[in-house]
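Analysis of the macromolecular model
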Amino acid sequence: QPSLPSIWKYLQNKTRARIKMGKQAIILGAFCLACSHGFTSQWRRSSTACTTSLQVLKNPEITSASETGEGAWWEDHSFEHADVAEKTRSDFKILKTEIGDKKKPLVYLDSAATSQKPQAVVDAVAHYYNAQNSNVHRGAHTLSREATAAYEEARDTVASFVNANSRNEIVFTSGATESINLVASAYGRTFLKTGDEVVISEMEHHANLIPWQILAQQTGIVLRFVKVDFETGGLNIEQLKGLLNDKTKIVAFQHASNVMACINPVKEIVAEVRERSPDAVILLDACQSVPNRPVDVQDLGVDFLAASGHKMCGPTGVGFLWGKEDILNSMPPFMGGGEMIDQVTLEGATYAKAPARFEAGTPPIAQAVGLGAAIKYLQSIGMEKIQAYEHELVSYLHKRMEEVDGVNILGPPVGEERAALCAFWVDNVHPSDLSTFLDMEGVAIRAGHHCCQPLHQARDISHSARASLYFYNTKEDVDYFIEELESTIKFFTDLENPNGGEGDEDFVPFI
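Residues numbered from 1 in each chain as written. Predicted model: local features only at pLDDT ≥ 70, side-chain atom pairs only at ≥ 80, totals over all residues. Heavy atoms only, no water.

With respect to the environment of Ile445
Applied cut-off: Put simply, DSSP H or I for four residues or longer makes a helix, DSSP E for two residues or longer makes a strand, and each gets a number counted from the N terminus. Contacts: residue pairs with any heavy atoms within 4.5 Å of one another.
Among the structural elements, Ile445 can be located in the loop between strand 21 (443-444) and strand 22 (446-448). Measuring from C-alpha to C-alpha, the distance between Ile445 and Val107 comes to 8.9 Å, with 338 residues separating the pair along the chain. Once you skip the residues sitting within four places of it in the chain, Ile445 turns out to touch Leu109, Phe424, Ser435, Leu438, Ala465, Arg466, Ala467 and Phe481.

A short note on the pattern of salt bridges
We count it as follows: The rule for a salt bridge is simple: a side-chain nitrogen of Lys or Arg has to be within 4 Å of a carboxyl oxygen of Asp or Glu. Using a 1.4 Å probe on the protein chains alone, a residue whose accessible area is under 20% of its type maximum counts as buried, one over 50% counts as exposed, and one in between counts as partly exposed.
All chains considered together, the criterion is met by 26 salt bridges. Between Glu441 and Lys102 there is a salt bridge, with the nearest N and O atoms lying 3.2 Å from each other. On the criterion of sequence distance, the pair formed by Glu441 in the loop between helix 15 (431-440) and strand 21 and Lys102 in the loop between strand 5 (98-99) and strand 6 (104-105) is long-range, its members being 339 residues apart. You can call Lys102 partly exposed: its relative accessible area is 36%. For Arg276, the salt bridge goes to Glu272, with nearest N and O atoms at 2.7 Å. With a gap of 4 residues between them, Arg276 and Glu272 both fall in helix 10 (residues 266-276), about one helical turn apart. Look at Arg276 and you get partly exposed, because its relative accessible area is 33%. Three or more residues are tied together by salt bridges with common partners; here these are Glu152, Arg155, Asp156, Arg167 and Glu359.

Section: the pairing of strand 9 (residues 197-201)
Put simply, the rule reads: By convention, a crossover is right-handed whenever its connection, traced from the first strand over the helix to the second and viewed with the strands pointing away, goes clockwise. When DSSP finds at least two bridges between two strands, those strands are taken to pair.
Of all 5 residues in strand 9, 5 are buried; the element is thus mostly enclosed. Burial of strand 9 is two-sided: the residues Glu197, Val199 and Ser201 facing one way and the residues Val198 and Ile200 facing the other way are all buried. The parallel pair strand 9 and strand 10 (residues 222-226), bridged by helix 8 (residues 210-219), forms a crossover whose chirality is right-handed. Bridge count between strand 9 and strand 13 (residues 248-254): 3 bridges; the pairing is parallel. Residue pairing for strand 13: Glu197 is matched across the bridge by Thr248.

Focus: the nonpolar core
Quick reminder of the rule: Buried residues of nine kinds, namely Ala, Val, Leu, Ile, Met, Phe, Trp, Tyr and Cys, make up a nonpolar core once their side-chain atoms join them within 4.5 Å.
Membership of the largest hydrophobic core comes to 117 residues, with the highest contact counts inside it found for Leu305, Phe424, Phe471 and Phe481. For this core, the leading source of residues is helix 13 (residues 365-381), giving 11 residues. One finds Leu215, Ile250, Cys287 and Leu321 within the second-largest nonpolar core, a separate group that totals 30 residues.

Some remarks on helix 15
Burial runs high along helix 15: 8 of the 10 residues are buried. Residues of helix 15 that are buried: Pro431, Ser432, Asp433, Leu434, Ser435, Phe437, Leu438 and Met440.

Here's the deal with the sheet that holds strand 22
As a reminder, the rule being used: Whenever a helix is involved, its axis is fitted only over the stretch in contact; in every case the axis is a line through C-alpha atoms, and angles between N-to-C directions fall within 0 to 180 degrees.
Here we have 4 strands laid out as an open sheet, ordered 19-20-23-22, and antiparallel in their pairing. Strands with a single pairing partner mark the edges of an open sheet, and in this sheet they are strand 19 (407-409) and strand 22. This sheet shows a mean twist of 30° between the axes of neighbouring strands, independent of strand direction. In this structure, strand 20 (residues 421-426) lies alongside strand 23 (residues 464-468), joined through 4 bridges in antiparallel fashion. Bridging across to strand 23, Ala423 finds its partner in Arg466. The strands touched by helix 14 (residues 383-402) are strand 19, strand 20 and strand 23; relative to strand 20, the strand with the most contacts, the crossing angle is about 15°.

Focus on the packing of aromatic side chains
As a reminder of what qualifies: Stacked, edge-to-face and tilted labels apply to pairs of Phe, Tyr and Trp rings (six-membered ring for Trp) whose centres lie within 6.5 Å, assigned for plane angles under 30 degrees, over 60, and everything in between, in that order. Charge over a ring is defined by NZ of Lys or CZ of Arg lying within 6 Å of the ring centre and within 35 degrees of the ring normal.
Within this structure, the stated rule accounts for 18 aromatic pairs. Residues Phe92 and Tyr377 carry aromatic rings whose centres are separated by 6.0 Å and whose planes lie at 80° to one another, so their mutual orientation is edge-to-face. Placement of Phe92 in the loop between helix 4 (83-88) and strand 5 and of Tyr377 in helix 13 is noted, with a sequence separation of 285 residues between them. This pair shows no difference in class: Phe92 is buried, exactly as Tyr377 is. By the ring-pair criterion, three or more aromatic residues cluster together here, those being Phe92, Tyr377, Tyr470, Phe471 and Tyr472. If you follow Lys399 out to its NZ or CZ, it ends over the ring of Trp73, 4.3 Å from the centre. The side chain of Arg400 reaches across the aromatic face of Trp74, ending 3.8 Å from its centre.

A closer look at the sheet that holds strand 9
The sheet built from 7 strands is open, its strands ordered 8-16-15-14-13-9-10 with mixed pairing. Strand pairing shows two members of the sheet lacking a second neighbour, strand 8 (170-173) and strand 10, which therefore form its edges. Put simply, the sheet's adjacent strands are angled 20° from each other on average, direction ignored. Two strands pair when backbone bridges link them, and strand 9 and strand 10 are joined in this way by 5 bridges, in the parallel orientation. Bridge pairing in strand 10 places Ile200 opposite Phe225. The sheet contacts of helix 7 (residues 176-191) involve strand 8, strand 13, strand 14 (281-285), strand 15 (304-308) and strand 16 (319-323), and relative to strand 15 the element is tilted by about 150°. The strands touched by helix 10 are strand 13 and strand 14; relative to strand 14, the strand with the most contacts, the crossing angle is about 160°.

Given below as structure tokens:
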């Protein structure tokens, strides 16, 4: 009986294996991912022989557009703004990583989950720890003053980046999740009462859903949900209009969806909310937009905006909440402790104004310094250039993926604007199996529900895979991904149908 490592070796090398196993054999998919991830494995019995075989079927001869290639439209395709990647890739040392025993070059297509970090950010964080490390706002000595200056400079950088009215409107948090929880807790508990309504959409990331569910459970508010129009790939704006009324007190939604990839019409939505629900405040989850395009909070007209640093070349563990200064100062603290106070007695306390009111304890100093460096790095490239290049790149990715048999892509159709990602599923292949095999070839994509379970439920799928791009990706990255995607789909197709479509009465599915 063969060892599992030997089978794994066959799978890695993508060869045809035939191993004697007695009277029965199992066709293995992605090395025992079957039961845990929903892949359909298969038993085969032979009525004409005493022995059967374990077959790992992989036909090396693959016929596809990407391999026949002659005259293919994409071969000579070029991008007007390709110099963006050419000039920046060398700043990201991790992109030189080689994956696995076969030393496959890394093709990183998971930037919607977290972006890679340029050397400028790594150096800024290292410099802080090597030369400035101290607590902020609490000391008169040199290191404390320098640390405070670096931390507050980062706040100024963020404020300028999103065109805030004042630096006091930028609250550093651990990320967008904390930012949204802060608003749900400090604003929601203070200003909402039983029967008030919060409007969100079914495409929201769990970070913009769970805090409102908790608030509803604790206060008796009502949640209303905007449907996704899967034909257009975006929100159903007409239905949204019908949900808005005098009871609506908060409207919270994504600027760009991390699954559907649609760019929601923020200014149109804001106008509808102001007309139909004048007492409502609007929170924008900008995690998938702030890293990729110019975002101007004054122009958008929202009341709160949440973003995470790690998706925009910054460190993990830091993000920010932008809020209108008068609204922030009307809210009670989110947490209590040092830094957020004005005066304290044994009987009570008064609180500092924003942003200090919401930054209790020692803040993420090094991370904020790194975020400031990340923003300066992005600005040195130009957000307009980043947006233009990513538009070219994702349009190319989308069109190429549409040509792959069995691939179903979520979001707007080809030709419509989308964020720099394509979430998709493949007929009869579980996303986790797909991701595992692509990883063997050096391609990093996401597999799962992407913290959007209700969205997948609405589409009647359990999971999806996702390829997401950033300005350091290239046409070659996309082409290699498509090549390996086609190869992997072919592999699993052969597993499902090893006889090329011929029937077999002895075939028994094993789930």
